[in-house]
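# Descriptive structure summary
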Amino acid sequence: MQPLVSVITIFLNAEDYIEEAIASAIAQSYDVWELLLVDDGSTDNSSKIARDYSDRYPEKIRYLEHPGHENRGMSASRNLGIQHARGDYIAFLDADDVYAPDKIAQQVAILESHSEVGLVCGRTKWWYSWTGNESDRLRDFLQKYALPLNTVISPPAILILFLKDEWASLCDVMVRRQAVETVNGYETSFRGMYEDQAFHAKLCLKYPTFVSSQCWYLYRQHSQACTTDSHISGKTLAARQTVLTWLENYLSKSGLQRSAVWRVVQQQLFPYRHPHLHRLWLKWRFGIVWRGQKMWEKFRMTND
């Protein structure tokens, strides 16, 4: 049977978690799917694990790799999966994350009932409690969107939202294949951090998005994760400047220099391009806030 949904899982040395990710795909209540396991040059046991699953489920799971088992980065690996995908809808599952059992079924239902949307997204759970520790259970939280939920949002509202608030960036999406092909997939210049945001930016500039209140995606938090490593190594700020500069160029080439998105991108780039002026502005802003607090405290004391 031709799969309606292609799930793409890229991985690099993910032997500790990849079986749980695969199991969550196999456990879906919706059955018309395929899982593409894209190896980005792993040197641990995860390559063997992926091949074993491909051998056990040949009708559902396929193993892919770059020529010569090369490491080409996250964007090139996702694009390899897209090139081999047979489904009308494409979803992504990181090798250390987990799907809720009804993820595919419910997202397909939304896409099929809203022909105007290019993608559907849900609220992601930042998942610390996978460790089983009580203290980690208390750290779990659900992503929030400062937008109406369970409705269609026209472009570019979601892009503006996650440019202003990185916590609102899209993690769990299902996209129409036609939309993926129209925006030419992932930007291969992004090998790691922010590769998903560049892709989502292209989609959210062009297509309406259905934003659901449901949580279908568990985003595992652990010390080996790409984002954790980037924060620890101090690479995050530079990576964010890179994606903002890329988006500025993309908007310019698209003739959108007078758009609302362009203005937000300029605001976000200001601290990188004018750090001294930004520090002065922060000092002035927080000075105003501090004086306001003191005046309020004085007012309360004299009126109690």
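Before reading further, recall that the structure is shown in the block above.
The present account deals with the structure reproduced in this document. Along each chain, the written sequence defines residue order, and numbers are assigned to residues from 1. With pLDDT at 70 or above as the cut-off, local features in this predicted model cover only qualifying residues; side-chain atom pairs require 80 or more to be listed or tallied, and sums for whole chains, interfaces and linings still use all residues. Only hydrogens and water are set aside; all other atoms, that is, all heavy atoms of the structure, feed into the side-chain values.

Glancing now at the overall build of the chain. In terms of helices and strands, the chain carries 12 helices and 12 strands. Categorising residues by exposure relies on relative accessible area from a 1.4 Å probe, with only protein chains included: less than 20% of the type maximum marks a residue as buried, more than 50% marks it as exposed, and the intermediate range marks it as partly exposed. Classification of the 304 residues of the chain by burial places 48% in the buried group. Throughout, a contact is declared for two residues whenever any of their heavy atoms are within 4.5 Å. Pairs at least 24 residues apart make up 79% of the contacts formed inside the chain by residues separated by at least 6 positions. By definition, any uninterrupted DSSP run of H or I lasting at least four residues is a helix, any uninterrupted run of E lasting at least two residues is a strand, and each is numbered from the N terminus.

Turning our attention to empty space enclosed by the protein. A cavity here means a set of 1 Å grid points, computed over protein atoms only, where a 1.4 Å probe fits but cannot escape. A pocket is an open set with protein on both sides within 12 Å along at least 5 of 7 lines, and lining residues have an atom within 4 Å of a point. Grid points are joined across faces, edges and corners, and a volume is the space filled by probe spheres set on the points. Under the counting rule described, the total for this entry stands at 1 cavity of 30 Å³ or more. In the scheme used here, Gly and all other residues not listed as nonpolar or charged are polar, with Ala, Val, Leu, Ile, Met, Phe, Trp, Tyr, Cys and Pro taken as nonpolar and Asp, Glu, Lys and Arg as charged. Residue composition of the lining of the largest cavity, grouped by class: 9 nonpolar, 1 polar and no charged.

Our focus in this paragraph is the state of the cysteines. For the purposes of this analysis, a disulfide is any pair of cysteine sulfur atoms at a distance within 2.5 Å. For the coordinates displayed, the defined rule picks out 0 disulfides. Here cysteine 204 is not disulfide-linked; the sulfur of cysteine 121 is the nearest cysteine sulfur, at 7.4 Å.

Okay, the pattern of salt bridges next. Each salt bridge in this description consists of a side-chain nitrogen of Lys or Arg and a carboxyl oxygen of Asp or Glu lying within 4 Å of one another. Counted by the stated rule, this structure contains 17 salt bridges. Ionic pairing is found between arginine 78 and aspartate 94, a salt bridge with its closest N-O pair at 3.4 Å. With arginine 78 in helix α3 (residues 74-84) and aspartate 94 in the loop between β4 (89-92) and β5 (98-99), the pair connects residues that are 16 residues apart, well separated along the chain. Ionic pairing is found between arginine 177 and glutamate 181, a salt bridge with its closest N-O pair at 2.9 Å. Of this pair, arginine 177 and glutamate 181 are both found in helix α7 (residues 177-182), 4 residues apart, which corresponds to roughly one turn of the helix. In this structure glutamate 181 comes out as partly exposed when scored by relative accessible area, which is 44%. Within the structure, one salt-bridge network assembled from shared partners comprises Glu34, Arg62 and Arg86.

Side-chain rings of Phe, Tyr and Trp (the six-membered ring for Trp) are treated as a pair once their centres are within 6.5 Å; stacked means planes under 30 degrees apart, edge-to-face means over 60, and tilted covers the remaining angles. Considering all chains together, one arrives at 12 aromatic pairs under this definition. Between tryptophan 126 and tyrosine 219 the ring centres are 5.2 Å apart and the planes differ by 75°, which places this aromatic pair in the edge-to-face class. Taken together, the residues tryptophan 126 in strand β7 (residues 124-127) and tyrosine 219 in strand β12 (residues 217-220) connect sequence positions 93 residues apart. For the pair tryptophan 126 and tyrosine 219, one class covers both residues: buried. Each ring, one from phenylalanine 141 and one from tryptophan 167, has its centre 5.7 Å from the other, and the planes form 70°; the classification is edge-to-face. You can see phenylalanine 141 sitting in strand β8 (residues 141-142) and its partner tryptophan 167 sitting in the loop between α6 (157-164) and β10 (172-176), a full 26 residues away along the chain. Judged by its relative accessible area of 32%, phenylalanine 141 falls in the partly exposed class. Among the aromatic residues, those joined into a ring-pair cluster are Trp126, Phe141, Trp167 and Tyr219. Either the NZ atom of lysine or the CZ atom of arginine qualifies as a charge over a ring when it sits within 6 Å of the ring centre and within 35 degrees of the ring normal. Here lysine 60 stacks its cationic end above the ring of tryptophan 33, 4.2 Å away from the centre of that ring. Directly above the aromatic system of tryptophan 130 lies the positively charged group of arginine 220, at a separation of 4.9 Å from the ring centroid.

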